[in-house]
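# Chains, contacts and geometry: an overview
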Amino acid sequence: MKRLLATAFAVTLLLTNMAYAAETPDLINNTVAMSLNNSVKTMFMSTTAQAVNKSATENVRDSKITEAFDCINQERLANGLAPLTYDNELAACAQTYSAYMAENDYFDHTSAKGETFQDRIFTSVPDVIAAAESIAFGFTSGKSVCAAWMNSSAHRANILSAEYTHVGIGFSRGDNSYWVADFGAY
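Residues numbered from 1 in each chain as written. Predicted model: local features only at pLDDT ≥ 70, side-chain atom pairs only at ≥ 80, totals over all residues. Heavy atoms only, no water.

### Comments concerning the overall build of the chain
Threshold: By definition, any uninterrupted DSSP run of H or I lasting at least four residues is a helix, any uninterrupted run of E lasting at least two residues is a strand, and each is numbered from the N terminus. In this scheme, a residue with accessible area under 20% of its type's maximum is buried, one over 50% is exposed, and one in between is partly exposed, where area comes from a 1.4 Å probe on protein chains only. Contacts were defined at the residue level, with two residues in contact if any of their heavy atoms lie within 4.5 Å. Using a 1.4 Å probe, the Shrake-Rupley method yields the accessible areas, and only the shown protein chains count as cover for residues.
A count of helical and extended segments in the chain gives six helices and six strands. For the chain, the residues scored as buried account for 42% of the 186 residues in total. When contacts within the chain are restricted to residue pairs at least 6 apart in sequence, those whose partners lie at least 24 apart make up 64%. Per element, the accessible surface of the chain, about 9,600 Å² overall, is 56% carbon and sulfur.

Listed below in structure tokens is the structure:
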């Protein structure tokens, strides 16, 4: 039922964006493409024009996240792997933790309260059967954080693991830029 509701929401969002684009073609210079898989959860985004009501900060965050997501999938494709599906539940988990790190000027996979990334992901996204996390701070673009992850053996392993099929990315600014990519398999 949860996946059916997510599917209905995604189709409604796509149709709404298409209708808006038809009414204001001069404002829409980018595309939102949807690829349907078994659970109709796959959504690939190339820069967004979805958010007329979003704040400028949210739009910047979304474009940085899209850039990181695209880079991760380019790395996977270059290494003979299928692209990851962007997952809104994993993204919510990643965004919450990146905001936590930014608000607390804290950087670690385990929170100050002792909560591990497994605790966060498996609690927030109970359908996930395997999970991993990549974090970073100080990077101002999606491409730069992706490059840093690819230069870290543990984070590279997350990106290039055939086990993971989904990813959600969070980005927040405090005194620094904090990134979280949560990977999952269903």
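### Considering the layout of surface pockets
Rules: The distinction between a cavity and a pocket rests on a 1 Å grid over the protein atoms alone: a 1.4 Å probe fits inside a cavity but cannot get out, while a pocket stays open yet meets protein on both sides within 12 Å along at least five of seven lines, and a residue with an atom within 4 Å of a point counts as lining. Grid points are joined across faces, edges and corners, and a volume is the space filled by probe spheres set on the points. Residues are grouped as follows: Ala, Val, Leu, Ile, Met, Phe, Trp, Tyr, Cys and Pro are nonpolar; Asp, Glu, Lys and Arg are charged; every other residue, Gly included, is polar.
The computed volume of the second largest pocket comes to approximately 180 Å³. Surrounding the second largest pocket, C93, T96, Y97, Y100, S111, K113, E115, D119, R120, T123 and S124 form its lining. Those elements that provide at least two residues to the lining of the second largest pocket are helix 3 (88-104) and helix 4 (117-124). Its residues assigned to classes, the lining of the second largest pocket shows three nonpolar, four polar and four charged.

### Regarding the pairing of strand 5 (residues 166-173)
Looking along a regular strand, one sees the side chains alternate between the two faces of the sheet. To keep it simple, the criterion reads: Paired strands are those between which DSSP finds at least two bridges.
Counting buried residues in strand 5 gives seven out of eight residues, a clear majority hidden from the surface. Both strand 3 (residues 85-86) and strand 5 contribute to a ladder of two bridges, which runs parallel. Bridge pairing in strand 5 places T85 opposite H166. In this structure, strand 5 lies alongside strand 6 (residues 177-185), joined through eight bridges in antiparallel fashion. Its bridge partner being in strand 6, S172 is matched across the sheet by Y178. Between the antiparallel neighbours strand 5 and strand 6 lie three residues.

### Here's the deal with the packing of aromatic side chains
Our working rule: By convention, a stacked pair of Phe, Tyr or Trp rings (six-membered ring in the case of Trp) has centres within 6.5 Å and planes under 30 degrees apart, an edge-to-face pair has planes over 60 apart, and any other such pair is tilted.
As enumerated under the stated definition, the model contains seven aromatic pairs in all. When the centroid spacing of 6.0 Å and the interplanar angle of 70° are considered together, the rings of Y100 and Y106 count as edge-to-face. Residue classification places Y106 among the partly exposed residues on the basis of a relative accessible area of 23%. Arranged with centres 6.1 Å apart and planes meeting at 25°, the rings of F137 and Y178 form a pair that is stacked. Remark: Y178 occurs in strand 6 and F137 occurs in strand 4 (residues 130-137); sequence separation between them is 41 residues. Looking at Y178, the relative accessible area reads 3%, which means it is buried. Grouping aromatic residues by their ring pairs yields a cluster made of Y97, Y100 and Y106.

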